[in-house]
Amino acid sequence: MTKSVESAGFEWLHYDYGSALMPSDPPDSFTMWRYRDLLPISDDPVRYPVPIGGTPLLSAPALRESAGTPNLWIKDETRNPSASNKDRATALVIEDGLRRGVGTITTASTGNAAVATAFGAAAAGMRAVIFVSTGCQQEKLALMTQAGAWVFRVPEGYAAAVDLSRAAARTFGWLDRNTGANPFTIEAKKTVAFEVWEQLGRRLPDVMIVPVGDGPTFASLDKGFAELVSCGLTTRRPRLIGVQAERCQPLVRAWLGEPAGPAELDPAATVADGIAVLRPAIGDAVLDAVRGSGGGMVAVSDEAMIGAVATLACRAGVGAEPAGAASLAGLGSALEQDMVDRSDTVVLLVTGREVKAGGPPDLSRVAVVENLDEVERALAGGS
Ligand SMILES: Cc1ncc(COP(=O)(O)O)c(C=O)c1O
């Protein structure tokens, strides 16, 4: 890493770019650490104990046929250990913490980042302290406590959960894995761009379609593709199309330059909880990436996402949750709006899948809190 630059309200890390930073041997079985020369870690051996990344790029022939898009690909991020792309960010933040001897990691989350953090911390022997809104799915809460995490439910909702988690990190010296706050989350997720480029035979797709919540998944792809250009490995970036739920679409409206109606800004009203974010943490960076890549933003209905879950299952053999399948639903809208040509090479990022805990949450590790004193008291009373 050479320098960090502030832009669109976020800190971005930059390197001494050159083609030698990208490995040249053909990728076979691999993990995201393959790209360690473009990650902010030194040459010491990686300590994070679970393989992350290196997820398959599927050609999905039956889906290509039924969708009428012969050059369609699925980047299947559900194959990560906790079933979402959030495992990448978790792994890099924990790797950094292990090297610095930090024993606790915290994050706020709509669900999947929390599950990834709970699982990653368990594997690494770290304590996880998670903040969620009181609306967080019971199944996801159960997964977090099953992995031994502490879970604090915040009645004021997701934005207040983020504030509390960040304040706890500052006050107690914990690792702050909050998406859109820690630049390492972007660095980790950009490895998806490198993988896609390598898996297509060192070629770029024309378009990538990506579900958008807080924005790091989208913005990191753009950064990854831009770094391939900076390394002199390619000359262009793919068009990036962001997908939000019709019932919570702040960035689609911002991109269109139109005010959103109240029915379009209701996170609790959509089945796609992972992308239901009212005030996206790095929304400006998403809009920059949309414009810079020549892409666009589309909103999709819950029915379209539920339909896409079924289509991914029966045409591609891929299990996805509605937020994860939003990319396939978005393909339909993008085709209708001529943002995508049927002959384009299109990669759908399928970001996550439902996971079952097999039991209820361990309520001795769950508390409702409104401030840091309550957090401290709950942790002091537990093991
Ligand atoms: C399944 C799924 N897809 C997409 C996203 C959106 O990612 P980001 O917040 O990086 O925009 C999330 C975030 O939680 C998610 O869980």
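Scroll up to find the structure.
Anyway, here's the lowdown on the structure attached to this text.

## Comments concerning the site of the ligand
In the region of the ligand, 20 residues are neighbours, and Gly213, Thr217, Gly274, Thr351 and Gly352 sit closest. Mapped onto the shell around the ligand, the elements with two or more residues apiece are α3 (112-124), α8 (216-230) and α12 (322-336). Sorting elements by how many residues they give to the shell around the ligand places α8 first, with three residues. In the shell around the ligand, the residues fall into seven nonpolar, eleven polar and two charged. Per-domain counts for the shell around the ligand show at least three residues from each of domain 1 (57-83 + 185-350) and domain 2 (85-182 + 358-381).

## Focus: the pairing of strand β12 (residues 346-350)
Counting buried residues in β12 gives five out of five residues, a clear majority hidden from the surface. The alternating pattern of β12 places Val346, Leu348 and Val350 on one face and Val347 and Leu349 on the opposite face, and all of these are buried. Both strand β4 (residues 72-76) and β12 contribute to a ladder of five bridges, which runs parallel. If you follow tryptophan 73 over to β12, its bridge partner there is valine 347. Here three bridges tie strand β9 (residues 207-211) to β12, and the two strands are oriented parallel to one another. Looking across to β12, one finds that valine 207 is bridged to valine 346.

## Describing α8
Taking 1.5 Å per residue as the helical rise, α8 with its 15 residues ought to reach 21 Å, and the 20 Å between its terminal C-alpha atoms agrees with that figure. Along α8, twelve of the 15 residues are buried, which leaves the element largely enclosed by surrounding structure. Among the residues of α8, Pro216, Thr217, Phe218, Ala219, Ser220, Leu221, Asp222, Lys223, Gly224, Phe225, Glu227 and Leu228 are the ones counted as buried. For α8, the elements touching its buried residues are β2 (10-14), α6 (183-189), α7 (191-199), β9, β10 (239-245) and α10 (283-293). Just past α8, the residue glycine 232 takes up positive phi, approximately 75 degrees.

## Side note on the sheet that holds strand β6 (residues 127-133)
Strand order in the open sheet formed by five strands is β8-β5-β6-β7-β13, with parallel pairing between adjacent strands. Each edge of the sheet is formed by a strand with only one pairing partner; in this case those strands are β8 (175-176) and β13 (366-368). Where strand β5 (residues 104-108) and β8 come together, two bridges link them in parallel fashion. If you follow threonine 106 over to β8, its bridge partner there is aspartate 176. Contacts between α3 and the sheet are confined to β5 and β6, with β6 contributing the most and set at about 170 degrees to the helix.

Cut-offs and rules
Residues numbered from 1 in each chain as written. Predicted model: local features only at pLDDT ≥ 70, side-chain atom pairs only at ≥ 80, totals over all residues. Near = placed C-beta within 6 Å. Helix = DSSP H or I, 4+ residues; strand = E, 2+ residues; numbered from the N terminus. Nonpolar A, V, L, I, M, F, W, Y, C, P; charged D, E, K, R; others polar. Domains from an automatic or database assignment. Buried ≥ 20, exposed ≤ 12 C-beta atoms within 10 Å, placed from the backbone. Pairing = 2+ DSSP bridges. Expected span 1.5 Å × (residues − 1). Contact = placed C-beta atoms within 7 Å. Axes fitted to C-alpha atoms, helices over the stretch in contact; angles between N-to-C directions.

On their own, these measurements won't tell you what the molecule is for.
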